[in-house]
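What the coordinates show
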Amino acid sequence: MKKIIYALILLASWPSFARQFDVEVIIFKRNVEPSSYQESWPDVLDPINLERAFSYRDSAMMSQNGARLLSLSQYKLNNVYTKLQNHAGFKPLVHVAWRQGDRGSSRSPIFHIQAGQDFSDRFVADGRTIADAKADLALTPLNAPVAIEKKVDTSETAITETEVTEPVADTSGSLLELDGTMQVYVQHYLYVKTTLDLKVPGQHEFIVNTPIEEKEITDVEVNEDTNIIDENSSLAIKEDPNADVQLGHLESVTPETEVKEFLKSYRMKEKRQMRSGETHYIDHPLMGMIIQVRKV
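Now for a description of the structure that goes with this document. Here the structure is a predicted model, which is why all the values come from computation and not from measurement.

Regarding the overall build of the protein chain
On a plain count of helices and strands, the protein chain comes out with four helices and 19 strands. Burial analysis of the protein chain (296 residues in total) assigns 35% to the buried set. Taking as baseline every contact in the protein chain between residues at least 6 positions apart, the subset at least 24 positions apart corresponds to 70%. Only carbon and sulfur atoms are counted for the fraction: they give 50% of the accessible area of the protein chain, which is about 18,400 Å².

Set out below in structure tokens:
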């Protein structure tokens, strides 16, 4: 009976034996131009998944997720931060430390990391300048995937058009230089997972589309009996801005491009296995992250 009682007491107090870790992170950018690297940077990035993500500055959410910020006296990487701060080639953007439990990826907190310069006075969320957004100019990257698909459905005796609608640019709120997510979790081993975008303004080449760019096709109709397109009706079909234009039997004409000011995002996406007590450096041509996870 005594053994059963001791076992029940141990089971009831089990959460107090859960491991905890102190996580300290420094994120910095390199003071270099992206064009100085021979890299093929993607023009179109998938949106970062912010589901379950919250700011480490939100004390209520930190408490709900079993985490809390550490005091400055508990920081261990102050010397590293000072060296980066004094180096002309780097600019620290984030230095933060917190304590959390050893939960798995489905329950461990996901932090929404935001820092650096606010570009919302010059750009909108999709990277266009405020002036271009107000003029409703659509900027199509040269290597962007085709967003519009047109097809003639002869079996249904109708012309149908499938269009991928682009998200409306958010012209309100902050637009910070560094934006993304970070998670430290335990899944047999200790892992850190990051998806961080660094926004850098610059000059980029685009196909510029005016607000209304349609080709008017007049007198087009599909004959119900023969499934042949006849000249009877009028239909406006949007053209693919990336496609070359064929003029009769002449050579294709590539759409004209224009160099525009644009706020481009450069992504650092990493999943790294770690051991407690180790200091890891996650590298990227334009930024970097130093992380240390210490067992409490």
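Focus: the side chain of His-204
Following the sequence through the fold, His-204 ends up in strand β10 (residues 189-209). On the basis of relative accessible area, His-204 is assigned to the buried category, the value being 18%. Setting aside its immediate chain neighbours within four residues, His-204 contacts Glu-258, Val-259, Lys-260, Phe-262, Lys-264 and Tyr-266.

Considering the pairing of strand β18 (residues 279-283)
The side-chain alternation of β18 yields one buried face, formed by His-280 and Ile-282, and one unburied face, formed by Thr-279, Tyr-281 and Asp-283. With five bridges connecting them, β18 and strand β19 (residues 287-295) associate as antiparallel partners. Bridge pairing in β19 places Ile-282 opposite Met-289. Adjacent in sequence and paired antiparallel, β18 and β19 are bridged by three residues.

A look at the packing of aromatic side chains
Inspection of every chain in the model, using the stated rule, returns eight aromatic pairs. Seen in terms of ring centroids, Trp-41 and Tyr-266 are 5.0 Å apart; in terms of plane orientation they differ by 85°. Their pairing is edge-to-face. Of this pair, Trp-41 sits in the loop between β1 (20-30) and β2 (53-54) while Tyr-266 sits in strand β17 (residues 258-274); the two residues are 225 residues apart in sequence, bridging distant segments of the chain. Classification of Trp-41 by relative accessible area gives buried; the value is 16%. Here Tyr-266 falls in the buried class, since its relative accessible area comes to 4%. Each ring, one from Tyr-185 and one from Tyr-191, has its centre 5.6 Å from the other, and the planes form 20°; the classification is stacked. The pair formed by Tyr-185 and Tyr-191 is uniform in burial state, with each residue classed as buried. Connected via pairs of aromatic rings, a cluster forms that spans Phe-28, Phe-90 and Tyr-281.

So, the nonpolar core
The biggest cluster of nonpolar side chains holds 37 residues, and the ones touching the most others in it are Val-94, Ile-113, Leu-178, Met-182, Met-289 and Ile-291. Only β1, β4 (90-101), β5 (110-118), β9 (176-187), β10, β17 and β19 provide two or more residues apiece to this core. Beyond its immediate sequence surroundings of up to four residues, Met-289 is in contact with Val-25, Ile-26, Ile-27, Phe-28, Met-182, Val-192, Thr-194, Met-268, His-280, Tyr-281 and Ile-282.

What to know about the pattern of salt bridges
Enumeration over the complete set of coordinates arrives at 12 salt bridges. The partner of Arg-30 in a salt bridge is Asp-283, with the nearest N and O atoms 2.7 Å apart. With Arg-30 in strand β1 and Asp-283 in strand β18, this residue pair connects regions lying 253 residues apart in the sequence. Note on Arg-30: relative accessible area 18%, which makes it buried. One salt-bridge network, held together by shared partners, links Asp-132, Glu-258 and Lys-260.

Regarding unusual backbone geometry
Here Asp-136, not a glycine, exhibits a phi torsion of approximately 60°, which is positive. Its location among the elements puts Asp-136 in the loop between α4 (130-134) and β6 (138-141).

Describing the side chain of Asn-65
Note that Asn-65 resides in the loop between α2 (59-64) and β3 (68-69). Since its relative accessible area comes to 15%, Asn-65 is described here as buried. What Asn-65 contacts, discounting residues up to four positions off in sequence, is Phe-54, Arg-103 and Pro-109.

Section: the sheet that holds β1
Pairing within the open sheet is antiparallel, and its five strands lie in the order β3-β4-β1-β19-β18. Both edges of this open sheet fall to β3 and β18, since each of them pairs with a single strand only. Strands β1, β4 and β19 of the sheet are contacted by helix α3 (residues 78-86), whose axis makes an angle of about 160° with β4.

The rules behind these values
- Residues numbered from 1 in each chain as written.
- Predicted model: local features only at pLDDT ≥ 70, side-chain atom pairs only at ≥ 80, totals over all residues.
- Heavy atoms only, no water.
- Helix = DSSP H or I, 4+ residues; strand = E, 2+ residues; numbered from the N terminus.
- Buried < 20%, exposed > 50% of the residue type's maximum accessible area, 1.4 Å probe, protein only.
- Contact = heavy atoms within 4.5 Å.
- Areas by Shrake-Rupley, 256 points an atom, 1.4 Å probe, with all protein chains shown as cover.
- Pairing = 2+ DSSP bridges.
- Phe/Tyr/Trp six-rings, centres within 6.5 Å; stacked < 30°, edge-to-face > 60°.
- Core = buried A, V, L, I, M, F, W, Y, C linked by side-chain atoms within 4.5 Å.
- Salt bridge = Lys/Arg side-chain N within 4 Å of Asp/Glu carboxyl O.
- Axes fitted to C-alpha atoms, helices over the stretch in contact; angles between N-to-C directions.

Taken by themselves, the reported measurements are silent on function.
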